[in-house]
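Observations on the three-dimensional arrangement
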Amino acid sequence: MTEAATMILFGATGDLAKRKLFPALYSLFQENQLPQQFAVVGVGRRTLSREAFQTHVKSSIESFARYSVNEKWPDFISRFYYVSLDIQELGDYQTLLHTIKTVEHDYSIPQNRLFYLAIAPELFEPVTFHLQQSGILRQRGWKRVVIEKPFGHDLPSAEALNKEISQVFTEEEIYRIDHYLGKEMVQNIEVIRFANTLFEPVWNNQYISNVQITSSEVVGVEGRAGYYDQAGALRDMVQNHMLQMMTMVAMEPPSRLKPEAVRDEKVKVLRSIRRLHQADEIARHVVRGQYVAGEINGEVMKGYREEEKVNPNSQTETFVALKFHIDNFRWAGVPFYIRTGKRLAKKATEVIIQFKQLPPLYFNQSGQLDPNVLVIRIYPENGLHLKLNLRQPDNMDKIAPVSMSFTQNGSPGFHSPEAYERLVKDCIEGNSTYFTRWDEVALAWKIVDPIVQAFETGEVPLYTYKAGSWGPAEADQLVAQEGLKWWPVL
Ligand code: BG6
């Protein structure tokens, strides 16, 4: 059961709070998944009255929540408070402490404090420092801090940030968000593997030919060019979401389904990923691209360099495809392909497991059969599709692929709670399984940093691709080298 707590939300007037966090809290409240004793103290730079803040929360719910404003609304919104604060001003933190204590008193909350930092990463450090200085962290209950990505922009910056935060919070108290880990089907990967006799015995290099993980987006930089042009697809998506999905696919069965046991296994995968160091090796394993103007769904999209606030000579990649190897007993010899990009043909996230072919006998004498393929569909629907071979009913000599499909959203009455609902609930409950531990973050940067450097020195060519395509043709070559193809997303 969830414990009584106060959420102190920094960035309460920002975009993330509006689009994701308030709606997530509201859904949890509607489903009686929040503790009875629960309140939110919103913290923002703007001067706002409590009423104005509550109106702001209401407009977020009206625009983005799954539940409408109903009879539960007055109880929900009465739990929201607001403190305006200058992040560098210690005195403002005293006002914050006063409000937190009032709320704890009014709701009989035993000083369990959850600090949610939905703010720019450069503010993490001053906020944690002032929280410490002001005495807000001298609570009698528990304290936790939730941090949004990006966690640093390379290993040294991530280490510096971690060092600062660790002076104030222990590793167990730090919840680093990777919202992909909150997605239903990403969490289901371990269930597919460890709850199905059909899959676990064949989940290895004896039976699996390759794994393909795609996260394609139709959107461009969405007004975030200032950040994105510095980051690029590799840092923005691969260092976190893509590698996290890969660890879920590749990890060994954990000793138990507890946060540390699961994260230990994920760390082992990251450690076993073959590091790419030499420029020529990186160029053979990585394809990067940048979109130029093109058409998506009948709409003409401008090229990346024409986007507002993007450097017209930008060398930033908006697409990246990589081939990784995991050098352990289970996965030796199985390529893991990852690709992600903006302004692609479709928004989709899929993990595809391609199985090896059977011997060239009977129906497969010339290797003509399609391989068995398992598609774990993470977006747009939660689904599982298994491609098998069967005799074609109207032509007894022909074997053709058929697909067994399960789609969760299609089941009547079922809803798929947003990733943030799960993650917010988990951090209130103190379950850190689906949050990234420091050693995972550090290892992911160690994998990505040398590739970023090769990009920056121009050792990996930057190809172009048309908006609305599936990325540069060279990405197809990456898989074709092994006689493979990207499975088209469904
Ligand atoms: C974010 C990236 O972490 O993930 C964005 O910063 C990206 O650039 C987003 O658009 C994708 O998330 P989702 O859940 O829409 O696939």
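Throughout this description, residue numbers start from 1 for each chain and increase along the sequence as written. Two thresholds apply to this predicted model, a pLDDT of at least 70 for residue-level local features and 80 or more for giving and counting side-chain atom pairs, whereas whole-chain, interface and lining totals are computed over all residues. With hydrogens and water excluded, all non-hydrogen atoms of the structure serve as input to the side-chain values.

The protein chain is annotated in an unreviewed UniProt entry as Glucose-6-phosphate 1-dehydrogenase of Caldalkalibacillus thermarum. The record in UniProt for the protein chain states the following under Function (unreviewed entry): "Catalyzes the oxidation of glucose 6-phosphate to 6-phosphogluconolactone." A UniProt comment under Catalytic activity (unreviewed entry) is attached to the protein chain, and it reads "D-glucose 6-phosphate + NADP(+) = 6-phospho-D-glucono-1,5-lactone + NADPH + H(+)". UniProt positions are given in the numbering used here, feature names are shortened, and annotations may be inferred rather than shown by experiment.

1. A closer look at the sheet that holds strand S14 (residues 373-379)
A sheet is described by the order of its strands in space; here nine strands give the open sequence S16-S15-S14-S13-S7-S12-S11-S8-S17, paired in mixed fashion. Looking at strand neighbours, the two that pair on one side only are strand S16 (395-407) and strand S17 (462-466), the edges of this open sheet. Each strand of the sheet is rotated relative to its neighbour by a mean of 20°, with strand direction disregarded. As defined by bridge partners, S14 adjoins strand S15 (residues 383-392) across five bridges and the pair is classed as antiparallel. Note that in S15 the partner of Val375 across the bridge is His385. We call two residues in contact whenever any of their non-hydrogen atoms come within 4.5 Å of each other. Throughout, an axis means a line fitted to C-alpha atoms (over the contacting stretch in the case of helices), and angles, computed between N-to-C directions, take values from 0 to 180 degrees. Under the scheme used here, helices are H or I runs from DSSP no shorter than 4 residues and strands are E runs no shorter than 2 residues, and both carry numbers assigned from the N terminus. Seen against the sheet, helix H8 (residues 225-250) touches strand S7 (208-216), strand S11 (319-325), strand S12 (335-341), strand S13 (348-355) and S14 and runs at an angle of roughly 140° to S12. For two strands to be treated as a pair, DSSP must find no fewer than two bridges joining them.

2. Concerning the domain arrangement of the protein chain
These domain limits were set by an automatic method or by a database of domain assignments. Taken as a whole, the protein chain is organised into domain 1 (5-148) and domain 2 (181-418 + 435-481). For domain 1 versus domain 2, the distance between C-alpha centres works out to 35 Å.

3. Topic: the site of the ligand
What makes a residue near a molecule or strand is one non-hydrogen atom of that residue sitting within 4 Å of it. Every residue close to the ligand is listed here: Lys149, His179, Tyr180, Lys183, Glu217, Arg224, Asp236, Met237, His241, Lys342 and Lys347. Between an oxygen atom of the ligand and a side-chain N or O atom of Lys149, the distance comes to 2.8 Å. Polar contact is the term for a pair of N or O atoms within 3.5 Å; when the atoms are in protein, one must be able to donate a hydrogen and the other to accept it, and sequence-neighboring residues count only if both atoms are side-chain atoms. With respect to the ligand, the side chain of Glu217 contributes an N or O atom lying 2.5 Å from an oxygen atom. Classification convention: Asp, Glu, Lys, Arg as charged; Ala, Val, Leu, Ile, Met, Phe, Trp, Tyr, Cys, Pro as nonpolar; all other residues, Gly among them, as polar. For the shell around the ligand, the per-class residue count stands at two nonpolar, two polar and seven charged.

4. Some details on unusual backbone geometry
For the bond from Lys149 to Pro150, the omega torsion is 0°, close enough to zero to count as cis. As for its position among the elements, Pro150 is in the loop between strand S5 (143-147) and helix H6 (155-166). In this structure, Pro380 follows Tyr379 across a cis peptide bond, with omega equal to 5°. The residue Ser108 is not glycine, and still its phi comes out positive at about 50°. Mapping Ser108 onto the fold places it in the loop between helix H4 (90-106) and strand S4 (113-117). Located in the positive-phi region is Gln111, a residue other than glycine, with phi close to 50°.

5. Concerning helix H5 (residues 124-134)
Each residue is assigned to one of three classes by its accessible area relative to the maximum for its type, calculated with a 1.4 Å probe on protein chains only: buried under 20%, partly exposed between the two thresholds, exposed over 50%. Those residues of H5 that sit buried are Phe124, Pro126, Val127, Thr128, His130, Leu131 and Ser134. The inward-facing, buried residues of H5 contact strand S1 (5-10), H4, S4, S5 and H6. Positive phi appears at Gly135, one or two residues downstream of H5, with a value of about 90°.

6. Focus: the UniProt feature "binding site: NADP(+)" (unreviewed entry) in the protein chain
In this structure's numbering, the residues bearing the UniProt feature "binding site: NADP(+)" (unreviewed entry) are Gly11, Ala12, Thr13, Gly14, Asp15, Leu16, Ala17, Lys18, Arg45, Asp86, Ile87 and Lys149. Note on placement: Ala12 falls in the loop between S1 and helix H1 (15-30). The class for Ala12 is buried, based on a relative accessible area of 0%. In contact with Ala12, not counting residues within four places along its chain, are Ala17, Phe22, Gly42, Val43, Phe53, His56 and Tyr82. Tracing the chain through its elements places Leu16 in helix H1. Assessed through its relative accessible area of 23%, Leu16 is described here as partly exposed. In contact with Leu16, other than residues within four places in its own chain, are Leu21, Tyr116, Ala118, Glu148 and Tyr420.

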